[in-house]
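Understanding the architecture of this molecule
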Amino acid sequence: MLDLVKLELKEKVLKELNYDVDIEIPRRGDYDLAIPLFRLLKTTNLALPILYEQVKNVIITHPHIESTELIGAFLNIKLNSQSFSRDVMTTVYKLGENFGSLESNNEVVVIDYSSPNIAKNFSVGHLRSTVIGHSLKLIHQKLGYTVIGINHLGDWGTQFGKLLVAYDLWGSEEMLKEKPIGELQRIYIKFHEVAETKPELEDEAREAFKQLELGDKEKHKLWQYFRQESLKEFMKVYNLLDVKFDSYAGEAFYNDKIDHVIDVLDSKNLLKIDDGATIIDLGDDIPPALIKRSDGATLYMTRDLAALLYRYETYKMNKTLYLVGNEQKLHFEQLKRIVELLELPIEVVHVNFGLVLIDGKKMSTRSGTNANLYDVLLESISDAKEAIIEKNPTLESIDYASEAIGVGAVVFNDLKNDRNLNIDFNLENMLRFEGQTGPYLQYTSVRINSILKEATLDPSKVDYTLFNNPSYFELVKQISTFSEAIKKAAEDYNPSVISKHLLQLAQLFNSFYGQNRILVEDLATLNTNLLLISNVRTVINEGLRLLGIKYLDEM
Ligand code: ARG
């Protein structure tokens, strides 16, 4: 809502003076807003004091503005804490969880996220794509976008040739029934070990995949079985995370849509034959994209292009986000370039992210540190349960709470920092009830809830003069900028903007709570306190929801 005031001031100045000003929120100090005037000095050719007077006279008529002061070349603005607080507090109280929501706009965004590979464990590494993507989906929905969430399963490609060959050589049907992904991983690893000394296995695998693509019945049946069992395992993780997709169309889905995309590429004269293979030249700065191998087999890129075209024809999206790690940077640069060459009006964004580290080391399948995410989540839930039993042994909804806290801790740990940074994966740290954790935010919300249960709020009895007190007003301002944080998170594709906003809000609340008694005799003060903290809880809960984390009534 501070953004609303900013916007109104900006428009006022534009309308009355025809100056296009920037309005900033100063990081520190006694002022709430600031307008840098130096840029205007040049364009207007006015002396600073005169310019200041001009802009000030316009600004000061806004009902939420108290005073202004010229410091350096900045016009500093103080809000009227009473009128601003009244506006913010009544709006948030009235809108509740809809505070910060925008009307539906006509934009469609496709978000391609999670997208694990069949026959492999759902690793902690795939967690990042899943939780960042899920949160971006919720954030965009809040802002009025139509969002299509797609799980582009890695269910096609030469690795299935390898699996088919390996299964033929070393597979056990019994073990496959018992522990599908475990067995598939075992033979996949074995394939690579053996292929080091017997490179002809790679040729066999390529041939097997080709047969699969050509529709070999036996091979197709086996592939389908691999896929179905893997998906069952993945669903266990999605259920815990409460993540749902609008489509599970993976790479294999595009098998019969390859000819179409090839036709479209051809009609734009983009295809070139190079040494028997089909490629697209992308200019001098990036390598050409390989579209078909010389044996006619398709590639990851071919299927991504088919997917993009199919999605465009089906959903008419304006924008498409790919939640994939940095190692695929080149792939998405190429994809983006091809979209430009095709002259499709789609904004393609590769939303990349840092690595997951355990004790400062990168995880990998080979080293065995690539832990299975489902097991890790169960461990986190059970640790959370232990902690709750200690804190609140009579809690009724203990299983629900442990799951919300255990899973929320892992999710928040992923979303609390800028997505480009590597994250440290340490259950003990993420499950702490103090510090920058999910449980800390959930606990702050529960604490407010238990205070609110002690009294009944009557919003007509609020005394807005109390908001002149900085410990009240700081909270109001933080609440008011929640809507800005949501927009910024979408703009930067970065849910951590919301995480940081919530941490700061919780911190301000906890220091407010340390300084002020909330349940006081005086009715006006009591109701002011209740309204304020109830609005704090509204923002924390809605913020947690946007991160894909459950809030609780008690814990
Ligand atoms: N399955 C791929 C992997 O794990 C990620 C797929 C991402 N999405 C896409 N449309 N390429 O590396």
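Use the structure listed above.
A brief structural summary. (Residues numbered from 1 in each chain as written. Predicted model: local features only at pLDDT ≥ 70, side-chain atom pairs only at ≥ 80, totals over all residues. Heavy atoms only, no water.)

**Quick look at the overall build of the protein chain**
- Counting its secondary structure elements, the protein chain contains 21 helices and 13 strands.
- When its C-alpha atoms are laid out on the principal axes, the protein chain stretches across 80 × 70 × 40 Å.
- Within the span of the protein chain, comprising 555 residues, buried residues form 52% of the whole.
- Sequence separation of 24 or more characterises 73% of the internal contacts of the protein chain that already satisfy a separation of 6 or more.
- Only carbon and sulfur atoms are counted for the fraction: they give 48% of the accessible area of the protein chain, which is about 25,800 Å².
- Positive and negative side-chain charges of the protein chain, numbering 62 and 81 respectively, have mean locations separated by a distance of 1 Å. (Helix = DSSP H or I, 4+ residues; strand = E, 2+ residues; numbered from the N terminus. Buried < 20%, exposed > 50% of the residue type's maximum accessible area, 1.4 Å probe, protein only. Contact = heavy atoms within 4.5 Å. Areas by Shrake-Rupley, 256 points an atom, 1.4 Å probe, with all protein chains shown as cover. Lys, Arg positive; Asp, Glu negative; His and termini not counted. Charge placed at Lys NZ, Arg CZ, Asp CG, Glu CD.)

**Let's talk about helix α5 (residues 124–142)**
- Between its first and last C-alpha atoms α5 spans 28 Å; for 19 residues at 1.5 Å apiece the expected length is 27 Å, and the two agree.
- Of all 19 residues in α5, 17 are buried; the element is thus mostly enclosed.
- Two residues or fewer after α5 comes Gly-144, characterised by a positive phi angle close to 95 degrees. (Expected span 1.5 Å × (residues − 1).)

**Focus: the site of the ligand**
- Every residue near the ligand is listed here: Asp-112, Ser-115, Asn-117, His-126, His-152, Tyr-300, Asp-304, Tyr-322, Val-324, Gln-328 and Phe-332.
- Interatomic distance of 2.7 Å between a side-chain N/O atom of Asn-117 and a nitrogen atom of the ligand.
- Take Gln-328: an N or O atom from its side chain is 2.9 Å from an oxygen atom of the ligand. (Near = heavy atom within 4 Å. Polar contact = N/O pair within 3.5 Å; in protein donor to acceptor, adjacent residues only side chain to side chain.)

**Section: the pattern of salt bridges**
- The full count for this structure, using the stated rule, is 29 salt bridges.
- Put simply, Lys-10 and Asp-20 hold a salt bridge, and the shortest N to O gap is 2.9 Å. In this pair, Lys-10 sits in helix α1 (residues 2–17) while Asp-20 sits in the loop between α1 and β1 (33–36), placing the two residues 10 residues apart along the sequence.
- The closest approach of N and O atoms between Asp-242 and Lys-550, which form a salt bridge, is 3.7 Å. Placement of the pair is Asp-242 in the loop between α10 (217–241) and α11 (258–267) and Lys-550 in the segment after α21 (523–547), with a sequence separation of 308 residues.
- If you follow the salt bridges from partner to partner, you end up with Asp-32, Glu-474 and Lys-477 in one network. (Salt bridge = Lys/Arg side-chain N within 4 Å of Asp/Glu carboxyl O.)

**What about the sheet that holds strand β10 (residues 347–351)?**
- The strand order β5-β4-β9-β10 describes an open sheet built from four strands, whose pairing is parallel. Here the strands that pair on one side only, and so sit at the sheet edges, are β5 (146–150) and β10. Averaged over all adjacent pairs, the angle separating strand axes in this sheet is 20 degrees, with direction ignored.
- Pairing analysis gives five bridges linking strand β9 (residues 319–323) to β10, with the strands arranged parallel. Looking across to β10, one finds that Tyr-322 is bridged to His-350. (Pairing = 2+ DSSP bridges. Axes fitted to C-alpha atoms, helices over the stretch in contact; angles between N-to-C directions.)

**What to know about the pairing of strand β4 (residues 108–112)**
- β4 sits mainly inside the fold: five of its five residues count as buried.
- Because side chains alternate across β4, one face comprises the buried residues Val-108, Val-110 and Asp-112, and the other comprises Val-109 and Ile-111, equally buried.
- Across five bridges, the pairing between β4 and β5 is parallel. Of the residues in β5, the one forming a bridge with Asp-112 is Ile-150.
- A crossover connection joins β4 to the parallel β5 through α5; in handedness this β-α-β unit is right-handed.
- Pairing geometry for β4 and β9, over four bridges, is parallel. (Right-handed = clockwise from strand over helix to strand, strands pointing away.)

**Re the layout of surface pockets**
- Estimated volume of the second largest pocket: approximately 1,200 Å³.
- Lining the second largest pocket are 31 residues, and of these Ile-25, Gln-478, Thr-481, His-501 and Gln-504 sit closest to its centre.
- Of all the secondary structure elements, the ones that give two or more residues to the lining of the second largest pocket are α1, α18 (470–480), α19 (482–491) and α20 (496–515).
- Element by element, the count of residues in the lining of the second largest pocket is highest for α20, at eight residues.
- Partitioned by chemical class, the residues of the lining of the second largest pocket number eight nonpolar, nine polar and 14 charged. (1 Å grid on protein atoms, 1.4 Å probe; cavity = no way out; pocket = protein on both sides within 12 Å on 5 of 7 lines; lining within 4 Å. Points joined across faces, edges and corners; volume = space filled by probe spheres on them. Nonpolar A, V, L, I, M, F, W, Y, C, P; charged D, E, K, R; others polar.)

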